[in-house]
Every structure is written in structure tokens, then in C-alpha cells.
Amino acid sequence: MKALAAIDRPMLIAGLCIVLILFAGTAYTVTTQGTATFIEPAYLLQQIKIAAFLGIVSAGMMVVILLGHIDLSIPWTIAASAMLATAVGGGWALPVGLGVGLAVGLVNGLGVAFLRVPSMIFTLGVNAVLRGLMVMLTGGFAPQSNATGLMVWLATGRPLGIANSVIVWALLSAALVFMLTRTPFGRYIYAVGNREAATYLSGINTRLVLIGSFIICDVCAALSGLLIAGYTSKAFQAMGDVYLLPAIAAVVVGGTNILGGQGRYLGTVIGTVLIVLLQSVLSVAQMPEAGRQIIYGAVIIAMLLAYGRGSAVRG
Amino acid sequence: MNDLRLRFGQNLGLWLGVLLFVLLYALYSTLHPKGWTVDLLVQNANESFALIMVSMAQAVPVITGGIDLSVGPMMTLVNCLASVLVSGTPGAIVLGILACLAAGALAGFVNGCIVVYGRIQPIIATLATGAVYIGIALFLRPSPGGKVDENLSWVATNALAEMDTTYHWFPDGPPAWFAETLGRVPVPIVLILAVVLLIWVPFRNTVTGRGCYAVGSAEGAAYMSGLDIGRSRLAAYTLGGLFAACGGLYLALQTGSGNADIPQAGAYTLNSIAAVVVGGTSLYGGSGGAVGALFGALVLRAISFCFRVFDSNGPLGFLSNPLLQPIFEGVILLLAVSLGAARVFRVKNRLTLFT
């Protein structure tokens with residue numbers, strides 16, 4: 001019972017924090033504009049729609065963080081997937097975009113699993129290579145960068161009343177939760193994150209677990225890149241840059257241990273919603289960029305001080 | 001003799017970095033039309049200074065087994081602060097410089113406190129404080145601009161001889177020994193030597209400085225040996241902040257203004273990690289040093305210098321294509337950091353890989 005509470009506490013606090021942000025935002029709009037914008041269903045639905053892009057990136061990032069690794073190649077995986085997909089266009093756009101994610105994940109996984117280069121620096125190098133590839137691709141000539149109809153439909157179409165991007169996020173979440181909690185592969189991810197040597201000695205091919213996890217992470221990033229391109233109807237070079245740090249923050253604020261081995265998927269969803277709402281409320285409140293950055297950092301520190309502290313060294 | 005061999009072996013990464021830099025820079029200087037001149041050296045030293053400082057700032061926390069993702073933001077913060085403070089009367093300038101360095105050290109100290117007393121993982125703690133520092137920088141300088149003392153700017157970014165022409169050290173004109181030799185040395189190189197010899201080397205030889213290496217290689221053992229591991233960590237992050245402040249201050253002198261550029265801050269942070277690794281410091285902590293990071297940063301800079309000078313009609317002409325440079329730089333970066341993988345093929349027991 002106590003162990004359960006310890007795991008749930010981050011989600012409880014993050015949830016309360018979301019309510020607090022909405023409350024503070026509403027108090028602000030009621031006093032200044034006389035409207036309660038933040039608790040209107042239309043506004044909340046709009047936020048969930050925007051949150052889907054970050055949510056999908058965070059979902060993939062969480063799998064890698066559960067291993068005790070990190071993936072810094074996210075920004076240009078997002079951009080490369082969207083740019084190549086729009087450049088190819090037509091029916092092959094989606095497979096090409098997801099294929100980019102698969103390839104990047106494979107390279108990352110091979111580097112981390114076989115060369116044993118720390119993931120932080122290896123994925124950083126892969127990010128630089130991807131950036132170079134995209135500059136090479138778009139520099140000499142300008143390939144078309146308009147999103148295909150299918151990408152636009154996936155991101156903004158709403159045949160079921162809610163935006164398709166939210167449905168994609170929900171389906172992906174269901175699949176990930178099933179994988180993490182009900183399949184051997186999911187349990188191996190937690191095992192590797194807790195103690196890789198012990199997992200290896202238990203007869204599990206830890207290299208495959210690492211490679212598979214990086215592929216999941218980068219395919220998620222690629223998917224998000226396709227959706228973002230569909231949402232903005234264009235693919236552009238720096239489109240992924242704003243997703244890396246919020247994705248890591250969302251995963252960690254959701255209670256996943258940055259050292260790996262511990263964390264629940266629901267926490268990542270709550271963390272994503274918290275980050276997106278915080279950004280949105282601050283921009284509606286016309287907070288200048290300076291104040292937004294300060295509050296953003298302070299909230300992450302405060303939440304981690306509340307439940308993300310490590311144990312003291314005792315010999 | 002054995003001692004020498006041991007010292008050499010332990011710093012193999014550093015020597016590789018030095019060798020790589022010497023080769024690359026010699027290649028660059030030979031190919032450059034103005035190669036092997038003081039002018040070119042001054043220009044390159046100016047372009048490298050900020051990255052060198054930020055990389056040294058990154059190296060100290062990495063030695064303790066941590067990481068500091070806020071080095072770029074701290075540099076940007078001090079850059080903006082300098083564009084506000086470093087101008088006016090000589091007294092005001094000196095006070096401004098001291099305030100800038102103190103602000104950087106304070107930012108590093110805050111990082112250290114959150115890591116040591118807050119017990120939050122350094123990677124995420126510095127990620128968050130980095131956002132705060134960028135926020136303060138934007139608050140100080142919402143749009144690029146500001147003013148930095150022009151004489152100081154000129155002096156700091158030229159050879160030592162300009163110091164005499166600007167501030168008139170020698171009333172009777174510079175003596176021959178100064179003009180011929182010392183006067184040709186670029187000021188940024190003097191400043192880097194000063195930082196290394198007056199701050200880093202003394203720090204590394206204190207108990208606290210050696211404690212940083214101990215914490216990085218075996219935290220529990222360091223604790224049981226009676227080392228104050230908290231103080232070592234705190235000192236490492238504070239020193240990182242001070243180094244980043246030197247970089248930010250120099251950037252302000254070099255550009256004559258302050259700019260709270262978020263992508264630039266991020267790029268400096270990421271390049272600093274790469275420089276630390278290229279310079280032979282393990283990301284797992286316990287080895288390497290700030291001097292290695294210095295040469296790591298120089299290697300990164302020398303690589304990008306080299307791409308400028310290839311003759312576009314020569315056999316290596318395709319290397320000078322500006323569109324291809326980012327990918328070459330990326331591939332070289334990836335190869336450089338993969339050099340560490342050599343140990344994989346030497347291990348006798350695969351279990352030792354899982355650390």
C-alpha cells in the first residue's frame with residue numbers, strides 16, 4: 001500500500017498542479033477580461049489537440065528514459081521525418097516519414113547497444129548528422145514542403161468529433177501501456193533500467209531491448225513530426241527544436257526516474273498536459289518570454305523537489 | 001620512468017585531443033592564404049574563446065559524474081549582464097566585470113545547491129535552471145543590443161601590443177623586446193592561460209578539487225574515506241558557473257553587445273558536451289580535466305575552420321561546399337565520440353561493459 005502511494009504521489013501532485021494552473025489562469029481572465037476562458041470545453045479540447053504532438057514525443061522519450069538512457073536526436077528526427085515525407089509526397093509520404101524514424105532509431109540503438117557510447121553523446125552526434133543531411137537536401141534546391149492531404153487530415157480532421165491527432169495519441173498510448181505492462185519486452189525495459197548487468201545475466205538479450213526501445217522512441221518522434229507538419233501544413237528546418245526539452249520535462253515531471261527503471265505511463269500523459277497548459281496559460285496571460293522561461297524552470301524544480309529527490313549517499 | 005608512462009597513459013584522451021588539434025590547425029594554417037600570421041591567430045582565438053570557456057565549465061561537473069546543461073544559458077546570462085554593466089568610468093568597468101563573474105559563479109552555486117541539497121539529478125536540475133537563467137537574460141536584454149566599453153573590447157580581442165597603444169603602458173613607446181615577441185601574443189590566449197594556471201590548476205590540487213575526481217569515480221568510497229563530497233560537488237558547479245561567466249563576458253567584449261539568443265545557448269551547451277568527450281573526459285566521471293576540454297573545443301573549432309580553406313577546384317574541393325559542411329561536421333563529431341567505443345573490443349569480460 002505504501003509502495004503504491006509512493007509511485008502515485010508524483011501523478012497526484014502533478015494533477016493538483018494542473019488544477020492549480022487552471023484555477024490561477026481563470027482567476028486572471030475573470031478579473032481582467034470577465035471571461036473564464038480556461039475552463040471552457042472548447043479551450044480545453046484545443047489544448048489537448050496541441051498536447052498530442054508533445055504527448056507522442058514524450059511517450060517515445062519515456063521508453064528510452066525508462067532504460068536509463070536519453071535521446072537527444074529528437075529535434076532533427078521530427079524535422080527529417082516531416083521534411084522527407086513532404087518532399088516525397090503522395091501515398092508514400094507517411095511510410096517514408098515513419099521509415100526515417102525507424103532508421104534513426106536503429107542507428108541510435110546500434111551505437112548505444114554495440115559501441116556502448118553514452119546515449120547522451122551518441123544521439124547528439126546523430127542529431128548533428130541528420131541536420132547536415134537535411135541542409136544538404138534542402139540547400140541546393142527547394143523540395144516541396146507542403147503537407148499531403150492525409151497528413152493534414154491526420155492532424156486536424158475530426159470525423160469523430162475530436163481531432164484525429166488526439167485519437168492517434170490515445171491509440172499510441174493504449175499500445176504503449178499494453179507493451180510496458182503486459183508484454184515481456186515491456187518488463188525487460190524496466191529490468192534493463194534497474195540493472196542492466198542483472199538483466200543480461202538472466203539470459204535476456206539486452207542489446208535487442210536497447211535497439212527496440214530507441215526504434216520506438218524515434219518512430220514516435222517521426223510520427224509527431226508528420227502530425228506537426230500536417231497541423232502547420234508545412235515542414236520546416238527548426239520545427240523539432242522546441243520539443244526536446246519539454247518532452248524530457250514532461251516525462252520527469254510525470255514521475256519517471258531519469259536514471260531509469262521506474263515510472264508509469266499515465267504520469268507522462270499528466271506531465272505533458274501540465275507542460276502544455278502551463279505554456280498556454282502563461283502566453284494567454286501575456287507574460288513576456290522572460291517570465292515564461294523563469295516560471296517554466298521554477299515549476300519543474302519545485303515539482304522535483306516535492307517528489308523527485310534521490311537518496312542521500314551513505315557509504 | 002614508470003611514473004611518466006602512467007601519467008601519459010591516464011591522459012591518453014587529452015594527448016589524442018592535442019594531437020588532433022595540432023594536425024588540424026597546421027593543415028588549416030598551411031592552406032590559408034594568411035596562414036601562420038598573428039592576424040589569423042588572433043581571429044581564430046577570438047572565435048574559439050567562448051566555446052573553450054563553456055567547455056571547461058562543462059568539464060568540471062562532468063568529472064564529478066554529473067552534467068551541466070545550463071552552461072550555455074549561464075554564458076548568455078553573463079553576456080547580457082555585461083552589456084548592461086561593463087561601460088562607463090574605469091571604476092565602473094572593473095566593478096561591472098567583477099559583478100559579471102560573481103553572477104556566473106552564483107548561478108553555478110545555485111545549480112550546485114539544487115544538486116547537492118535538493119538531491120535532484122543534475123541533468124534535469126540544470127535543464128530547469130537553464131530555463132530560469134535564459135529567462136533572466138531575456139529580462140535584462142529583451143532584444144539584442146547594449147553597450148560594452150569599446151577600448152576594453154578592442155584590447156581583449158587583439159594582440160597584446162594593442163594594449164600599449166590603447167592604454168599607453170610605456171610612455172616612451174614600446175621597447176623592442178615587447179614589440180617583437182610578447183606584443184604579438186593574442187590577448188585571448190593570455191586570458192585562457194591565466195584561467196588555466198591561476199584557477200583550474202590550483203583548484204585541481206586542493207582536497208576539494210581532488211575530491212571531485214573521487215566523487216566521480218566512486219561516490220560511496222569517497223564518502224567512506226571522509227571526503228566532503230557535498231563540498232566537492234558544490235565547488236564543481238560553482239567553478240563551472242565562473243568559467244561560463246568568463247565565456248559570456250568575452251562574448252560581450254567580442255560582439256560589443258548582449259544577446260539573449262536561446263538557440264545559441266543550446267548550441268553552446270551541446271557543443272560543450274562534445275568538446276568534453278573529444279578532450280578525453282569520460283561522461284561517467286572520475287577522469288579527464290578542463291585542459292582536455294580546452295583542446296576538445298579547439299578540435300571542434302579547428303574542424304570548422306578547415307572547411308573554410310579547401311580550394312573549391314582542388315581534389316578535395318567538394319569539402320568546401322557550404323551545403324555539405326554541416327553533414328561533414330556531424331559525421332566527424334559522431335566518429336570522434338565513437339572513438340571511446342574502442343574499449344568495447346578490448347574487454348575480457350562483457351559484464352564490465354554494464355557500468
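Residues numbered from 1 in each chain as written. Chains lettered and ligands numbered in written order. Predicted model: local features only at pLDDT ≥ 70, side-chain atom pairs only at ≥ 80, totals over all residues. Heavy atoms only, no water.

*Asks:* So what exactly am I meant to see when it comes to the state of the cysteines here?
*Replies:* Linking two cysteines covalently through their sulfur atoms gives a disulfide. Residues and elements named next belong to chain B. One pass over the full model with this rule turns up 0 disulfides over all chains. Not part of a disulfide, Cys-113 finds its nearest cysteine sulfur in Cys-212, a span of 15 Å. On the accessibility criterion, Cys-113 (22% relative accessible area) is partly exposed. Among the residues examined, Cys-212 registers a relative accessible area of 2% and is labelled buried. (Disulfide = S-S within 2.5 Å. Buried < 20%, exposed > 50% of the residue type's maximum accessible area, 1.4 Å probe, protein only.)

*Asks:* Would you explain the nonpolar core in this entry?
*Replies:* If you look at soluble globular proteins, the nonpolar side chains tend to sit buried side by side. Ranked by internal contacts, the top residues of the largest apolar core, which has 202 residues, are A:Ile121, A:Ile248, A:Leu274, B:Met56 and B:Trp200. Beyond its immediate stretch of four places on either side in the chain, B:Met56 contacts B:Val195, B:Val196, B:Phe243, B:Ala290, B:Ala293 and B:Leu294. Within the second largest apolar cluster, 5 residues are counted, among which are B:Val155, B:Leu160, B:Met163 and B:Val187. (Core = buried A, V, L, I, M, F, W, Y, C linked by side-chain atoms within 4.5 Å. Contact = heavy atoms within 4.5 Å.)

*Asks:* For this particular structure, what's the right way to read the environment of B:Trp177?
*Replies:* By secondary structure assignment, the location of B:Trp177 is in helix α9 (residues 176-180). Taking the C-alpha atoms as reference points, B:Trp177 and B:Gln43, 134 residues apart in sequence, are found 24 Å from one another. (Helix = DSSP H or I, 4+ residues; strand = E, 2+ residues; numbered from the N terminus.)

*Asks:* Honestly, a nonpolar patch on the surface in this entry has me stumped. Any pointers?
*Replies:* Taken together, the side chains of A:Leu45, A:Leu160 and A:Ile162 define a hydrophobic patch exposed on the protein surface, amounting to about 290 Å² of accessible area. Inspection of the secondary structure assignment puts A:Leu160 in the loop between α6 (149-156) and α7 (164-182). (Patch = residues over 30% accessible without salt bridge, like charges linked within 9 Å, V, L, I, M, F, W, Y side chains within 5 Å. Areas by Shrake-Rupley, 256 points an atom, 1.4 Å probe, with all protein chains shown as cover. Salt bridge = Lys/Arg side-chain N within 4 Å of Asp/Glu carboxyl O.)

*Asks:* Where do I start with the interface of chain B and chain A in this structure?
*Replies:* Frequently, the measure chosen for interface size is the accessible area that the parts lose on association. With 50 residues of chain B in contact, the opposing surface of chain A contributes 52 residues. Summed over both sides, the interface between chain B and chain A buries roughly 4,300 Å², with carbon and sulfur atoms accounting for 79% of that surface. Linking chain B with chain A are 0 salt bridges. At the boundary of chain B with chain A, the tally comes to 2 residue pairs in polar contact (both at pLDDT 80 or more). When residues of the side of chain B that touches chain A are traced back to their parent elements, those giving at least two are α6 (122-140), α12 (219-224), α14 (262-278) and α16 (325-338) of chain B. Tallying contributions element by element places α6(B) first for the side of chain B that touches chain A, with 13 residues. Classifying every residue of the side of chain B that touches chain A by side-chain character gives 39 nonpolar, 7 polar and 4 charged. (Buried area = accessible area lost by both parts, 1.4 Å probe. Polar contact = N/O pair within 3.5 Å; in protein donor to acceptor, adjacent residues only side chain to side chain. Nonpolar A, V, L, I, M, F, W, Y, C, P; charged D, E, K, R; others polar.)

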